Every structure is written in structure tokens, then in C-alpha cells.
Amino acid sequence: MSALILLVRRSLAQHKLSTAVTVAATALACGLVLSVFAIANQTQSSFTRTDVGYDAVLGARGAPLQLVLNTVYHLETSPGTIPFSLYQTIKQDPRVELAIPYGVGDNYQGFRLVGTSEEIFTAFEYRDGRKLQFAVGGPFDGQRREAVVGSFAAAQTGLKVGDRIQPYHGLDYDPNTQHDEVYVVSGILEPTNSPNDRVIWIPLEGIWRMQGHVLRGAGEEYVAEAGVPIPDKHKEVSAVMVKLRNRIFGMALSMDINRQGDIATFAWPIDEVMLDLFGKLFWFVVILKYVAYMVVAVATGAILASIYNTMNERRREFAILRSLGASRRTVFGAIVLEAATISALGAAFGFAVYAAVLGAASVLIREKTGVVLDLLAPDPILWMAPLGMVLLGAVAGLLPARKAYATDVAANL
Amino acid sequence: MSVLSIEGLRKSYVSPDGATTPVIDIESFAMAAGEQVALEGASGSGKTTFLHLIAGIVKADSGSIVVAGDDITAMREAARDRARALHLGYVFQTFNLLDGYTALENVMLGMMFGPGADRAKARSLLERVGMADRMHYKPRQLSVGQQQRVAVARALANQPRLVLADEPTGNLDRIRAAEALALIREVCREQDAALLLVSHDRAVLESFERRESLSELNRVGSAT
């Protein structure tokens, strides 16, 4: 064992309490930096990723952001509805590869019911090349009252294949607004780690026929009757999810639709719409990062103070070491190494803080948005923060190390 | 062959008011390899400064100090540190053991700055000074006599050519002082190390064949 390691080990053991407090402060600082950066980076990349399965959203006239949040991330309220004919038109557009209708307005215990077509299971790819897979059961029959439950919704509600559910009106759960219709769970989906995990899918027809729903596709009110087919002109959808044959077609479609009156909005491209949101929230992330930097500065100061405060009592120790042949550089190095070791221990425990913070944030964010944070997602901050903390710790050790370096051996023996 | 040779050694201290106070002025002093010398030095005679000069802890103003063939006054500080670790052992009056370290670690630490730690050798030295069953005790868990033994083992850990002992029995009662002195001298002989022991204890001084008086060697007279 080298002299430096023995000196550091013994010094840390002799100052257990101050070492523990300083390591804890450093762990908190390092964990905070890791958490802030990881949460900011992961949420931004999750919300602004381009491979969400769609390139654009067609919906009611309004803010593209609300449309995207409502349909892709199943957040916020729907800005309204558009006639079913718009869905039919865009579906037949040669520039469009896939158009899937969405109808919203109901929930089951807070989890959204989204009325859609069976293409959501057969053609939709929530990530490039990855379709929704069934853990148990299978897709709904479009002509029956059947439901397919996303993995997170199933885990939270305890629903399983064969269970019967009665939806509630509205997007927020209110026990007093239960519909009469009963749906049977036909399948439970595998986790996708996307907002789709929080959705309960039912046939679009089910949304139109839900008790109390009024259709205004033709500009006049229409209430569906049991056993009577709904004329297409009365049908309406909340949005149409659009995948283009080539992303470049989005520009022309955007021009066609967005400048063509006040019926619909074509939100394209989805990732840029979300990037715009994060651009507006950027100041908040910056403030969080500065708070984390300040905690790091305080922790660095704590390392300096904890070692510096022991310098007077350790002068004799340094003098003895020097009398045994230790050079000034050795005692200097021992103090710098001690400071770096404290910060390295703090950085190591910082990963525990990071795991705890990210774990808690992950539960909250998944519950609210369906976006899943990955503790081990590759991010340069995972090595930069610990390394930076160790370097700062070593720098904090320079001042006390200078004092050890200057110890007058003869006067302290 | 001499293990220590001093010529024209001078050392002064500058007081805070700027006045220069001479402390050491020794024309010549030498010790042969393996020789044991008792140096009589009353308090304030400059004995500690003299030993610190030989150990290279304090730099001389002028003159030469050749230890084991190397003139330490011509060396830079880092080289003096290295020479101290390799060629010198030092037994202090207050032993100067490191509190947070076990007896074994105290001995090994002395080796780490020299040729390198050798656990087996450190254990063997502690066994030799009668500390076989106290190796893992820390200084505060040891009696004064036991601390003295650990200090002796540490001083001899690097097989030094010269051992400096500054009032090594000053903190011991008469019986334990005699035992400690016998141990130091015996172990130095076994290790073929010369011993320069400073004391003002008449009984200790008279047990040495060669005795020197620092007040006679040092032309400064009464000093720090």
C-alpha cells in the first residue's frame, strides 16, 4: 500500500464525522447535477423525438402545440373536432402513407379512452419498425364494445383480459359521470415506454355512440341511435395522426391545410412543435442547472473547509511525516488526494441520490405523461459530473495542501 | 570509515525583530560506522538544532555535514528528505508516533518514504523490540515504554547507517530508562547502525565509551 493511500485512509477514518458530512454534501451536489441534466435531457429528447410514429397531426383549428400534446402525448384537452370527411380526404392523399383517426372525450379511472381504427395495431409503428404488441389477448373488434389496454394503464387499474369496464365522461376522472356502455377488455399491450402505455383503445365507433355524445360533423347536432348506422357526414374525429410517405411532403400539406380557412390545423413537424415548447421552458431548465451548480460550489467549499479546519491539529502529523523522510510534495499530494477522495466518494454516493431522484421523477413523469426516464440512458453527464466533482474536490484541496506543504518541521516536532 | 563527518558547521536564527542569533558553531565532529556516541547537552544548548541539522530537517548556514558519504548541506530539500529516509533513523524524546496509526503502520510508514514498505520486516522489528502482541494497537493504547519500543523499531525500519536519539529516555523512570537504553544500543549494534544519543542524564552518558559535550563542541556557548 502506498504511503499516500495509507495517509488518506487514516485521515478520513480519524475525521469520520466531518468526512461523512462532506461526502453527503458532495453526493447531494453530484446527484442533483446528474438528476437535473438527465431529467432535462431525457424529457426533451422524449418529447422532441422524431420517431413517434407520426410526422404530423391534423386537428381542429387551434394551437399546434395543444394538438400535439393532446394526441401524441395524451395530455391537455382536445382543441375540438374536425369532420370525418377531412380524415377521409387526407387518408386518400397520395403523399400520406398512414392516417389514423383519434376520438377522445372519455376516460376510465383517469386513463384516456381513445377511439381509433384497427390500423393502430396493424400499421402504426410507435418507434421505427416497432408495432404495438399484445402481452395478453388481441385487438378489439371494431364492431363490438371491446377495449385494448396499454401496459401502464393495465398495471395501475388492474385490468385483465375479459374484464368489463364502464367508461367515464370527460378526460378527468369523475365517479359521477359514468356511462352506461360496458366494454370488455380484449387485450393488454406490451410496454412501449411511450405515452401509448397510458391509453385504453376502443373502436372509434364506440366514441361516437357513447351515451350523451353529440356529433357535429355536419354542423348540426346528431346523436347516434342503437342499431342505426351513423351517416358519414355526421361523424367527427378529434384528430388524425398522419405519417407521410416522405417528411418533405409536410410542407406542402401544411400550406394547403393551414392557409385554407379556419376548419383545421396541420401540426407539422411534430418534433419541432415540441421543440418550440422546450424553447419556451428553457429558462426554467437553465435556472435549475444554476441551482445545481451553486450546490456544487457549496459542496466544494465544504470539502475545503472540512480539510482546512484540520490543518492546525495536523501540523505535528505533517512534521513527523517529514522527519521520516516524506517530501513536501508528498504531504501536499496527500491532502489533494484526500480532497479528491472525499469528492470521489461523494460522486459515488451521488449516483444513489441520482437513482433516487430519477426514480421518483420517473414515476411522476410516467404517471403524468407516459414518458419513461431511463436511469442508465447514455448521457455524457453521467461521467462528466463525477469527474468534474473529483477535479473540483482536488482543487478545493489545494489551499489546505499549500498549508501542509509549508509546515515548519522543526517547529512542530 | 566515518558515517558522519561535520566540518565548520554554523547555524543562526533570525528573530522577529531582525536580530541574528547564532545557535550552532561546530568546527569538526565525526563518527565511525557502527560507533555509539553520547552527546551531553543541557536544555538550551542547541542539541535539538544540532540533530535537526544532521537529519537535514534544518538547513545549515555554512559548513558541511556528510552522512553515509553524502554531503546533505549541498543537497536540495527533496534530496535531503530522501537521504533522511534512506540513511537516518530518529528517536524523539516524545516518540512522535502518529496517533491514528497502529504500531505496525507507524513502522511501515517509516519504510514507505525510504526503500518501500515491507510488512514482514516491520513485524520482525516489532517482535525484536518485544511488541509482538501489540502490533495492531494504536499509540494511545500503549504504555509510555511500549511507545518507546515502537519508536525504536520505526527508527531502525530502513536499516539506517546512523540513528539519532534525542533524550530517548527523558520520559521514562530510571528502571525503564535503563531497559530502553539497552534496547536501543543493542538493536543499533545488531543492525550495524551508528548511534548518536543526546542526553543530560548522567547515568545514561556514563554508560557510553565515547562521550562528547555539546557545550564544548559548540563555540556559540549557551544557545537555544
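Whatever comes next refers back to the structure up there.
Criteria and thresholds
- Residues numbered from 1 in each chain as written.
- Chains lettered and ligands numbered in written order.
- Predicted model: local features only at pLDDT ≥ 70, side-chain atom pairs only at ≥ 80, totals over all residues.
- Helix = DSSP H or I, 4+ residues; strand = E, 2+ residues; numbered from the N terminus.
- Expected span 1.5 Å × (residues − 1).
- Contact = placed C-beta atoms within 7 Å.
- Nonpolar A, V, L, I, M, F, W, Y, C, P; charged D, E, K, R; others polar.
- Pairing = 2+ DSSP bridges.
- Buried ≥ 20, exposed ≤ 12 C-beta atoms within 10 Å, placed from the backbone.
- Axes fitted to C-alpha atoms, helices over the stretch in contact; angles between N-to-C directions.
- Core = buried A, V, L, I, M, F, W, Y, C linked by C-beta atoms within 7 Å.

Draft legend 1. Looking closely at helix α6 (residues 174-190) of chain B. Here α6 of chain B spans 24 Å end to end across 17 residues, near enough to the 24 Å set by a 1.5 Å rise per residue. Count one or two residues on from α6 of chain B and you reach D192 of chain B, which has phi positive near 60°.

Draft legend 2. Highlighting the interface of chain B and chain A. Taken together, the contact pairs 22 residues of chain B with 18 residues of chain A. Of all the secondary structure elements, the ones that give two or more residues to the side of chain B that touches chain A are α2 (77-87) and α3 (103-112) of chain B. In terms of residue count, the dominant contributor to the side of chain B that touches chain A is α2 of chain B (6 residues). Grouping the constituent residues of the side of chain B that touches chain A by class yields 12 nonpolar, 5 polar and 5 charged.

Draft legend 3. The arrangement of the sheet that holds strand β1 (residues 2-14) of chain B in detail. Residue and element names in this part refer to chain B. Strand order in this open sheet of 4 strands is β2-β1-β4-β5, and the pairing throughout is antiparallel. Of all the strands in the sheet, just β2 (20-32) and β5 (70-71) have a single pairing partner and so form its edges. Pairing analysis gives 11 bridges linking β1 to β2, with the strands arranged antiparallel. Pairing of E7 across the sheet is with S28, part of β2.

Draft legend 4. Region of interest: unusual backbone geometry. A cis amide bond links W268 of chain A with the next residue in sequence, P269 of chain A, at an omega value of -15°. With respect to the element layout, P269 of chain A can be found in the loop between β15 (264-267) and α9 (270-308). A positive phi angle, near 55°, is found at H74 of chain A, a position not held by glycine. Mapping H74 of chain A onto the fold places it in the loop between α3 (64-71) and β2 (82-83). Here H74 of chain A falls in the buried class, since 22 other C-beta atoms lie within 10 Å of it. Even without being a glycine, D192 of chain B presents a positive backbone phi close to 60°. Note that D192 of chain B resides in the loop between α6 and β8 (194-199). D192 of chain B gets classed as exposed once you count the C-beta atoms within 10 Å, which come to 12.

Draft legend 5. Examining the pairing of strand β3 (residues 36-40) of chain B more closely. Residues and elements named next belong to chain B. Burial runs high along β3: 4 of the 5 residues are buried. In terms of strand pairing, β3 meets β8 through 5 bridges, oriented parallel. From the neighbouring strand, E40 faces β8, where its bridge partner is S199. The pairing of β3 with strand β9 (residues 210-213) spans 4 bridges and is classified as parallel. For V37, the partnering residue across the bridge sits in β9 and is R210.

Draft legend 6. Representation of the sheet that holds strand β6 (residues 88-91) of chain B. Residue and element names in this part refer to chain B. An order of β6-β7-β8-β3-β9 is seen for the 5 strands of this open sheet, with the pairing classed as parallel. Here the strands that pair on one side only, and so sit at the sheet edges, are β6 and β9. Along the sheet, successive strands turn relative to each other by an average axial angle of 20°, direction set aside. Here helix α5 (residues 144-155) sits on the sheet in contact with β6 and β7 (162-166), set at roughly 170° to β6. On top of the sheet, α6 reaches β3, β6, β7 and β8; it is set at about 160° to β8, its chief contact.

Draft legend 7. Structural detail: the nonpolar core. Formed by 125 residues in total, the largest nonpolar core has its most connected members in V33 of chain A together with V107, A153, L162, V163 and L164 of chain B. Considering every element that reaches this core, the biggest residue donor is helix α11 (residues 328-369) of chain A, with 15 residues. In contact with V163 of chain B, not counting residues within four places along its chain, are G89, V91, A155, L156, C188, A193, A194 and L195 of chain B. Formed by 62 residues, the second largest nonpolar core is a distinct cluster that contains I120, A154, Y168 and Y183 of chain A.

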